Amino acid sequence: VQLVESGGGLVQPGGSLRLSCSASGFTFSTYYMSWYRQAPGKERELVAGIDGFGISRKYADSVKGRFTISRDNAKNTVYLQMNSLKPEDTAVYYCNGRRSGNDYWGQGTQLTVSL
């Protein structure tokens, strides 16, 4: 089982970025996929989640209207489109896949929002 995040980097406030998470080793379409983030000195928090069909989505209040989670089951990939980025979005972003007691995590990708 492998989850590999990509797309992180340095972006200015107000900018946009898209994270990708490529999955392998499990039946991707049957898993609930989420993005979490962890800022220095803070606990890991849920950012967004999406069901296997890509129909039901949920977001943290802090990112609603700015972030969009999506998935492409044909490519075994989940995305996080991030717009209107703020310095407080700076964190390591983790991809998570969950189903029936299985809980898989990626290694994380760093997003830094700064001038």
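Further up the page is the structure itself.
Thresholds applied
Residues numbered from 1 in each chain as written. Predicted model: local features only at pLDDT ≥ 70, side-chain atom pairs only at ≥ 80, totals over all residues. Heavy atoms only, no water. Helix = DSSP H or I, 4+ residues; strand = E, 2+ residues; numbered from the N terminus. Rg over C-alpha atoms; globule rule 2.2 N^0.38 Å. Contact = heavy atoms within 4.5 Å. Areas by Shrake-Rupley, 256 points an atom, 1.4 Å probe, with all protein chains shown as cover. Lys, Arg positive; Asp, Glu negative; His and termini not counted. Charge placed at Lys NZ, Arg CZ, Asp CG, Glu CD. Core = buried A, V, L, I, M, F, W, Y, C linked by side-chain atoms within 4.5 Å. Buried < 20%, exposed > 50% of the residue type's maximum accessible area, 1.4 Å probe, protein only. Polar contact = N/O pair within 3.5 Å; in protein donor to acceptor, adjacent residues only side chain to side chain. 1 Å grid on protein atoms, 1.4 Å probe; cavity = no way out; pocket = protein on both sides within 12 Å on 5 of 7 lines; lining within 4 Å. Points joined across faces, edges and corners; volume = space filled by probe spheres on them. Nonpolar A, V, L, I, M, F, W, Y, C, P; charged D, E, K, R; others polar. Pairing = 2+ DSSP bridges.

Engineer: How would you sum up the overall build of the protein? Please name residues and give values.
Structural biologist: A tally of helices and strands in the protein yields zero helices and eleven strands. If you list the helices and strands of the protein from N to C, you get β-β-β-β-β-β-β-β-β-β-β. Taken over C-alpha atoms, the radius of gyration comes to 13 Å for the protein, in line with the 13 Å a tight globule of 115 residues would show. Once the C-alpha set of the protein is aligned to its principal axes, its extents read approximately 40 × 25 × 20 Å. Sequence separation of at least 24 residues holds for 52% of the intrachain contacts in the protein that already meet a minimum separation of 6. Put simply, the protein shows about 5900 Å² of open surface, and 48% of that area lies on carbon and sulfur atoms. One way to put it: in the protein the 13 positive side-chain charges average out to a point 4 Å from where the 9 negative ones average out.

Engineer: Now, about the nonpolar core: what can you tell me, with residues and values included?
Structural biologist: Across soluble globular proteins, nonpolar side chains show a tendency to be buried alongside one another. W35, V78, L80 and Y93 are the most contacted members of the largest nonpolar core, which has 28 residues in total. Contributing elements (two or more residues each) for this core: strand 3 (17-24), strand 4 (32-38), strand 5 (45-50), strand 7 (67-72), strand 8 (77-82), strand 9 (91-99) and strand 11 (109-113). Residues within four places of Y93 in sequence aside, it is in contact with E5, L19, W35, Y36, R37, V47, F67, L80, M82, G108, T109 and L111.

Engineer: Describe the environment of Y36, naming the residues involved and giving the relevant values.
Structural biologist: Inspection of the secondary structure puts Y36 in strand 4. Along the chain, Y36 and Y93 lie 57 residues apart, while their C-alpha atoms are 5.7 Å from each other. Side-chain polar atoms of Y36 contact the side chain of R98, separated by 3.5 Å.

Engineer: Mind laying out the layout of surface pockets, listing which residues take part and the relevant values?
Structural biologist: What the largest pocket holds in volume is close to 180 Å³. Every residue lining the largest pocket is counted, 13 residues in all, and those nearest its centre are R37, A39, K42, E45 and E88. By residue class, the composition of the lining of the largest pocket is two nonpolar, three polar and eight charged.

Engineer: Let's hear about the pairing of strand 7: which residues, and what values?
Structural biologist: By the alternation rule, side chains of strand 7 split into F67, I69 and R71, which are all buried, and T68, S70 and D72, of which none is buried. What sits between strand 7 and strand 8 in their antiparallel hairpin is a turn of four residues, with N76 showing a positive phi close to 55°.

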